[in-house]
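Spelled out from the first residue to the last, the chains are:
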Amino acid sequence: MPRKLLKFLILFDNTSLLYFPGQFLSGRVLLQLQHETPVLSLHFNVMGEGVVQVRSARQERTYDKENYIDFRMRLLGDSDHEPSILSPGIHSFPFKLGLPLGLPSTFLGRYGWIQYYCKAALREPSGLIHKNHQVFIVMNPIDLNMEPSILS
């Protein structure tokens, strides 16, 4: 069976992948097809979450999760579930999202993490779903001059 989908990428306009709260996260989902391909939908999702996992001395596990961003959009397809036919070649689907102010910085530690990423899913009428994801970094600088407890 010949391969129809040659490339399925999430590309950001900012190639450093570093963003600050309030900036725009923009880019495109890129598809390269070898043959004419029917597609039901192309979904795009931006996620930001924090997870904490701690084990007590008695090996009891405590787990908690918090969502900071959960933005979903449909880049291709409509609600009547009729497939769109994509021609061979390169197809680009742009996205742009303003990141909320006050997002915590990306973090990875012994007891948890804060992570931000984008996911894309391409659904074919046959039931086959192609998936891809791309992480990005959020840095929220703290002005220590504005922290009264540190100044005293």
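Everything here concerns the structure above.
Quick look at the structure, then. Keep in mind the model is a prediction, meaning the values are calculated, not measured.

### Side note on the overall build of the protein
Now for step 1: In terms of helices and strands, the protein carries 1 helix and 11 strands.
Now for step 2: For 152 residues, the compact-globule estimate of 2.2 N^0.38 gives 15 Å, and the protein exceeds it by more than 25% at 20 Å.
Now for step 3: Its C-alpha atoms put the protein at 65 × 40 × 30 Å along the principal axes.
Now for step 4: Expressed as a percentage of the 152 residues in the protein, the buried residues total 31%.
Now for step 5: Long-range contacts, defined here as pairs at least 24 residues apart, represent 70% of the contacts in the protein between residues at least 6 apart.
Now for step 6: Accessible surface for the protein amounts to roughly 9900 Å². Of this, 55% is attributable to carbon and sulfur atoms.
Now for step 7: Side-chain charges of the protein comprise 15 positive and 13 negative groups, with the mean position of each set lying 8 Å from the other.

### Brief notes about the nonpolar core
Now for step 1: Counting 29 residues, the largest nonpolar core has Leu-25, Val-29, Phe-44 and Phe-136 as its most contacted members.
Now for step 2: The set of elements that each furnish at least two residues to this core consists of strand 1 (5-12), strand 3 (24-33), strand 5 (41-55), strand 6 (61-76), strand 8 (89-98), strand 10 (112-123) and strand 11 (129-138).
Now for step 3: With 5 residues, strand 10 is the largest single contributor of residues to this core.
Now for step 4: Discounting chain neighbours no more than four positions away, the residues touching Val-29 are Phe-8, Leu-9, Ile-10, Leu-42, Phe-44, Leu-75, His-91, Ser-92, Phe-93, Phe-95 and Ala-120.

The rules we used
- Residues numbered from 1 in each chain as written.
- Predicted model: local features only at pLDDT ≥ 70, side-chain atom pairs only at ≥ 80, totals over all residues.
- Heavy atoms only, no water.
- Helix = DSSP H or I, 4+ residues; strand = E, 2+ residues; numbered from the N terminus.
- Rg over C-alpha atoms; globule rule 2.2 N^0.38 Å.
- Buried < 20%, exposed > 50% of the residue type's maximum accessible area, 1.4 Å probe, protein only.
- Contact = heavy atoms within 4.5 Å.
- Areas by Shrake-Rupley, 256 points an atom, 1.4 Å probe, with all protein chains shown as cover.
- Lys, Arg positive; Asp, Glu negative; His and termini not counted.
- Charge placed at Lys NZ, Arg CZ, Asp CG, Glu CD.
- Core = buried A, V, L, I, M, F, W, Y, C linked by side-chain atoms within 4.5 Å.

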